[in-house]
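Topology and contacts: notes
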Amino acid sequence: MIEPYKISSSLLEWYDRCARSMPWRGIRDPYKTWVSETMLQQTRVETVIPYYERFLSRFPTLKDLANANEADVLKMWEGLGYYSRARNLLKGARQVVEQFGSIVPQDPHQLRKISGIGPYTAGAIASIAYDVPVPAIDGNVLRVYSRLFGIRKSIRLPEIREKLETIASIAVPDKRAGDYNQAVMDLGATVCIPGTPDCVRCPLTSVCDAYIRGDAADLPVIPGSSPQKNISLSVPILLSGDRTLIRKRTESLLKGLWCFPLLDCRPQDLPTYLSKKFHINTVSAGESISARHVFTHLIWQMTVIPFTVEPDLPAPEGYTWSAVSELDNLAFPSAMNIPLRTVRNFFFDLK
Ligand code: SF4
């Protein structure tokens, strides 16, 4: 096995030539690193860039964020998904103000005490903003190191995970730790990609165990993960005058965001269901539309159906009648894009 520290100079030289340009790079500001790394979890760089810029123009400093209310923060996060990240970021910003004198700590152990900061984000903030020589280990990094060092056992085994973490810790150079970590991230995202890596563009072929043995596409070893669960939902778009029925979610998935009714009944049973459970009598107002939203562990298969209903009805418990013109001011998850489009089209068609 190669010595981990031998890869850093080749990788940094490659990074100096090929680093991807991103608005949060080249800035030594732990708050901005924290925001960008939080947004980048499970989300592509191209998607994050406009959100990052919008978020920072609304909350330019940690104190601005700490003083914000949750609804404003969720509104800025609208469409980015995984909304618990936004809630934890807000909670964490308040914690830094209260417990750390408004200064983001540089010690990864202290960082880990802050809401929403796990081992990866702690390593990223400490190394990128403060140049502390610690690794930032995510799935991309595990893949790169598994291939480089020829780890051919499941990366879910605790002893293998520990081995990879040790390799990653030794590999981080004392100087330019942040650049080095970002170089490994870039390599994993653009060259040493899942499936078949693009080894001809890699600066590390001469030392890469998987490249030399020819089994890079088989690594890392990850035992089969469980398939996503499909959930069928009926989504009535109820238009009562200029108002529509919505609900702020209290469930952990998409908590605090607004959704149209998501009902566990067959689309053809919706009129009866709404009449019995919500005391709302409906008149069909258009064709149903299918919509699908994929989360990490489940898929919502939605049937969106527009109805008109009587004006001035009381809202069922937990629900709110909102003016259609007000919907733009509320935070909806991207899962609601098709229902939102449906209610707007439907409302303007009726006018
Ligand atoms: Fe990944 Fe290929 Fe580079 Fe090895 S040589 S680190 S497999 S891209």
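Residues numbered from 1 in each chain as written. Predicted model: local features only at pLDDT ≥ 70, side-chain atom pairs only at ≥ 80, totals over all residues. Heavy atoms only, no water.

1. A short note on the confidence of the model for the protein chain
Put simply, the protein chain has an average pLDDT of 92, and 97% of its residues get 70 or more. Within the protein chain, helix α14 (residues 337-350) has the poorest average pLDDT of any element, 82, and helix α4 (residues 62-66) the best, 98. (pLDDT = per-residue confidence, 0-100. Helix = DSSP H or I, 4+ residues; strand = E, 2+ residues; numbered from the N terminus.)

2. Remarks on the packing of aromatic side chains
Overall, the coordinates contain 8 aromatic pairs when judged by the stated rule. Between the aromatic rings of Phe-295 and Trp-300, the centroid separation amounts to 4.9 Å while the plane-to-plane angle is 70 degrees, which identifies the pairing as edge-to-face. Overall, the relative accessible area of 13% leaves Phe-295 in the buried class. Linked through ring pairs, Phe-55, Phe-59 and Trp-77 together constitute an aromatic cluster. (Phe/Tyr/Trp six-rings, centres within 6.5 Å; stacked < 30°, edge-to-face > 60°. Buried < 20%, exposed > 50% of the residue type's maximum accessible area, 1.4 Å probe, protein only.)

3. Some points on unusual backbone geometry
With an omega of 0 degrees, the peptide bond between Leu-219 and Pro-220 qualifies as cis. Relative to the elements of secondary structure, Pro-220 occurs in the loop between α12 (209-213) and β1 (229-240). With a phi angle near 65 degrees, Gln-42 is a residue other than glycine that sits in the positive phi range. Relative to the assigned elements, Gln-42 resides in the loop between α2 (30-40) and α3 (45-58). A relative accessible area of 60% places Gln-42 in the exposed class. One non-glycine residue with positive phi stands out, namely Leu-254, at about 65 degrees. Within the secondary structure, Leu-254 sits in the loop between β2 (243-248) and β3 (258-259). Residue class for Leu-254 comes out buried when judged on its relative accessible area of 8%.

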